[in-house]
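# Fold and contact review
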Amino acid sequence: MGNCLKSPNTDDISLLRGSDAGPEVSSEQSANMGPPPPYQESIPIYHPSPNVSRPANQLTEEEQIKIAQRLGLINHLPTGVFDGTSKKAKECCICMEEFLLGDMLRFLPCMHTYHKDCIDDWLMRSFICPSCLEPVDAALLTTYETS
Amino acid sequence: MAGLPRRILKETQRLMQEPVPGISAIPDDNNARYFHVVIKGPSESPYHSGLFELELFLPEEYPMSAPKVRFMTKIYHPNIDKLGRICLDILKDKWSPALQIRTVLLSIQALLSAPNPDDPLDNNVADLWKCNEQQAIETAKDWTRKYAMAKNNNIQ
């Protein structure tokens, strides 16, 4: 506590690395550590619209907001683990693999079911159900946009 | 074939085991994402008894993004341009990962049966199609005879 100003050579990055040296590193030690590693080796790619791929640091503010909203909406959709009891859902039509016990699933409001990873990847590009082309909970989207 | 998604393998197997009538799609020996496609001109269309060669490529992102498909055989059609590019909504903004190579090729076959001059890719062709349909159909038949029948002997 209160030592932020004591050692100007140790910036936030050395704290983020969680080294066991603690925050009170002498200036000599930190000089030997070389430049800090970059935060991320690769920048995640987003799809502001289905045919557009752009690294996260090149998105417009509008696109960033849209993506943040989308992430929030996706997280509201129910998930579950395939337990073999569902008679209807047998195969994920995105990867064309049969559901296996223990697979993580996501359920859309139109009752179509997919692997969570498969459908989340798609929903970040287009917010419609791949099978019935229904907008995924259009009502929820409107309340988000107007509030 | 390392790194090829299971879905592509599955689709390829199914295409070989249960081919779509009037359509053949064979993966390239050197690239499992590239297919050599032949579509038979539907009967009762100006393309009847023509064999149209196409190329289909599954991009890295497939099935999150649509296959890229192009006519290699010259064809006179309002929704297909000189370079063989196809104006079809499911290949663009109406793509869904629930669609497959099979369904895409069926849609292209259907487009041959039902040209749509109101959503043209080639304006000259579309204009003729709208103002003199009979002549446009004659030209389409003529092109089919000229370009889609010559090489029939090496395709089944």
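Residues numbered from 1 in each chain as written. Chains lettered and ligands numbered in written order. Predicted model: local features only at pLDDT ≥ 70, side-chain atom pairs only at ≥ 80, totals over all residues. Heavy atoms only, no water.

As recorded by an unreviewed UniProt entry, chain B carries the name UBC core domain-containing protein and is attributed to Patella caerulea. What UniProt records for chain B under Sequence similarities (unreviewed entry) is the sentence "Belongs to the ubiquitin-conjugating enzyme family." (UniProt positions renumbered as here; feature names shortened; annotations may be inferred.)

Looking at an unreviewed UniProt entry, chain A carries the name RING-type domain-containing protein, with the source organism given as Patella caerulea.

### Side note on the UniProt feature "domain: UBC core" (unreviewed entry) in chain B
Taking the UniProt record as the reference, the feature "domain: UBC core" (unreviewed entry) is found at residues 3-149 of chain B. Spanning residues 3-149 of chain B, this segment combines 33% helix with 16% strand, and its end C-alpha atoms are found 38 Å apart. (Helix = DSSP H or I, 4+ residues; strand = E, 2+ residues; numbered from the N terminus.)

### Focus on the packing of aromatic side chains
Residues and elements named next belong to chain B. Taken as a whole, this structure holds seven aromatic pairs over all chains when the rule is applied. Measuring from ring centre to ring centre gives 6.2 Å for Phe52 and Phe71, while their planes differ by 75 degrees; the resulting arrangement is edge-to-face. With a gap of 19 residues between them, Phe52 in strand β3 (residues 51-57) and Phe71 in strand β4 (residues 68-71) connect regions that are remote in the sequence. Accessibility classification places Phe52 together with Phe71 in one group, the buried group. Between the aromatic rings of Tyr76 and Trp143, the centroid separation amounts to 5.1 Å while the plane-to-plane angle is 65 degrees, which identifies the pairing as edge-to-face. With Tyr76 in the loop between β4 and α2 (101-113) and Trp143 in helix α4 (residues 133-147), this pair connects stretches of sequence that are 67 residues apart. (Phe/Tyr/Trp six-rings, centres within 6.5 Å; stacked < 30°, edge-to-face > 60°. Buried < 20%, exposed > 50% of the residue type's maximum accessible area, 1.4 Å probe, protein only.)

### Details of the UniProt feature "domain: RING-type" (unreviewed entry) in chain A
The positions that UniProt labels "domain: RING-type" (unreviewed entry) are, in the present scheme, residues 92-132 of chain A. Secondary structure over residues 92-132 of chain A splits into 20% helix and 24% strand, and the C-alpha atoms at its two ends are 14 Å apart.

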